[in-house]
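So you can see what is in the structure, the chains are spelled out below.
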Amino acid sequence: MSLSAFFSQNAVKEENIKHPVSNRFLDEKGNPIEWELCAIDSETDEQIRKSCTRKVPVPGKKNQFIPEVDYNKYLGLLAVNCTVFPNLHDKELQDSYKVMGADILLKKMLKPGEYADFLTKIQEINGFEVSIQDLVDEVKN
């Protein structure tokens with residue numbers, strides 16, 4: 001067994017995925033437009049997760065804190081980072097929905113069910129086996 005199989009140049013490169021997110025955005029022929037999605041690396045995922053983590057005080061323990069991840073914010077930012085097309089950072093697109101920020105735009109563009117399905121797809125392409133409902137249940141506990 002050779003270690004060279006693990007070298008970067010020998011790893012299978014993942015292709016971007018095209019996925020119809022909503023049947024409300026149609027091309028000239030009336031077909032749903034496919035969004036282009038990509039997976040991110042673990043380092044980027046860690047940065048997103050850290051940006052969604054805050055320290056909360058431990059009840060009854062003075063000056064002690066535990067980290068708490070805002071999973072709704074995390075999943076929204078994960079989705080933004082994995083969306084190649086449409087460009088959610090485009091000012092004109094954001095202006096058309098009267099919002100500022102790619103994560104807010106995404107929530108404004110999609111119906112709640114579409115958004116939930118989209119987040120499930122994003123988790124799937126990033127190798128997460130955990131569903132949104134599992135994350136929600138984890139947050140509740």
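Above this text is the structure in question.
To start, this report covers the structure provided alongside it. On a predicted model such as this, the values are computed, not experimentally measured, just so you know.

Here the focus is the packing of helix α2 (residues 71–82) against helix α4 (residues 102–109). It is the contact of α2 with α4, at a shortest axis distance of 9 Å, that shows an interaxial angle of 95°. Classified by the interaxial angle, the pair formed by α2 and α4 is roughly perpendicular. Packed against α2, whose contacting residues are Gly 76, Leu 77, Ala 79 and Val 80, the element α4 presents Ala 102, Asp 103 and Leu 106 at the interface. Each residue belonging to the contact of α2 with α4 can be placed in one class, and the counts come to 5 nonpolar, 1 polar and 1 charged.

Further remarks concern the sheet that holds strand β2 (residues 34–37). With respect to topology, 3 strands assemble into an open sheet ordered β1-β2-β5, the strand pairing being antiparallel. The two strands at the open ends of the sheet, each matched to only one other strand, are β1 (17–20) and β5 (83–85). Looking at each pair of strands side by side, their axes are set apart by 40° on average, direction ignored. As paired strands, β1 and β2 are joined by 4 bridges and run antiparallel to one another. Of the residues in β2, the one forming a bridge with Lys 18 is Glu 36. The sheet strands contacting helix α5 (residues 112–125) are β1, β2 and β5, and the helix crosses β2 at an angle near 35°.

Turning our attention to the packing of aromatic side chains. All chains considered together, the criterion is met by 3 aromatic pairs. Residues Tyr 71 and Tyr 74 carry aromatic rings whose centres are separated by 6.5 Å and whose planes lie at 90° to one another, so their mutual orientation is edge-to-face. Placement of the pair is Tyr 71 and Tyr 74 together in helix α2, with a separation of 3 residues, close to one helical turn. Look at Tyr 74 and you get buried, because its relative accessible area is 3%. The structure contains a cluster of three or more aromatic residues connected by ring pairs, namely Phe 25, Trp 35 and Phe 118. Cation over ring: Arg 49 sits above Tyr 74, and NZ or CZ is 4.3 Å from the ring centre.

Formed by 27 residues in total, the largest nonpolar core has its most connected members in Trp 35, Tyr 74, Leu 106, Leu 110, Phe 118 and Ile 122. Sorting the residues of this core by element identifies β2, α2, α4 and α5 as the ones contributing at least two each. Considering every element that reaches this core, the biggest residue donor is α2, with 8 residues. Among residues more than four places away in sequence, those in contact with Ile 122 are Leu 37, Leu 78, Ala 79 and Cys 82.

Cut-off values and rules
- Residues numbered from 1 in each chain as written.
- Predicted model: local features only at pLDDT ≥ 70, side-chain atom pairs only at ≥ 80, totals over all residues.
- Heavy atoms only, no water.
- Axes fitted to C-alpha atoms, helices over the stretch in contact; angles between N-to-C directions.
- Helix = DSSP H or I, 4+ residues; strand = E, 2+ residues; numbered from the N terminus.
- Parallel < 35°, antiparallel > 145°, perpendicular 65-115°, else oblique.
- Contact = heavy atoms within 4.5 Å.
- Nonpolar A, V, L, I, M, F, W, Y, C, P; charged D, E, K, R; others polar.
- Pairing = 2+ DSSP bridges.
- Phe/Tyr/Trp six-rings, centres within 6.5 Å; stacked < 30°, edge-to-face > 60°.
- Buried < 20%, exposed > 50% of the residue type's maximum accessible area, 1.4 Å probe, protein only.
- Lys NZ or Arg CZ within 6 Å of the ring centre and 35° of its normal.
- Core = buried A, V, L, I, M, F, W, Y, C linked by side-chain atoms within 4.5 Å.

Honestly, that's just the spatial picture; any functional story needs more than this.
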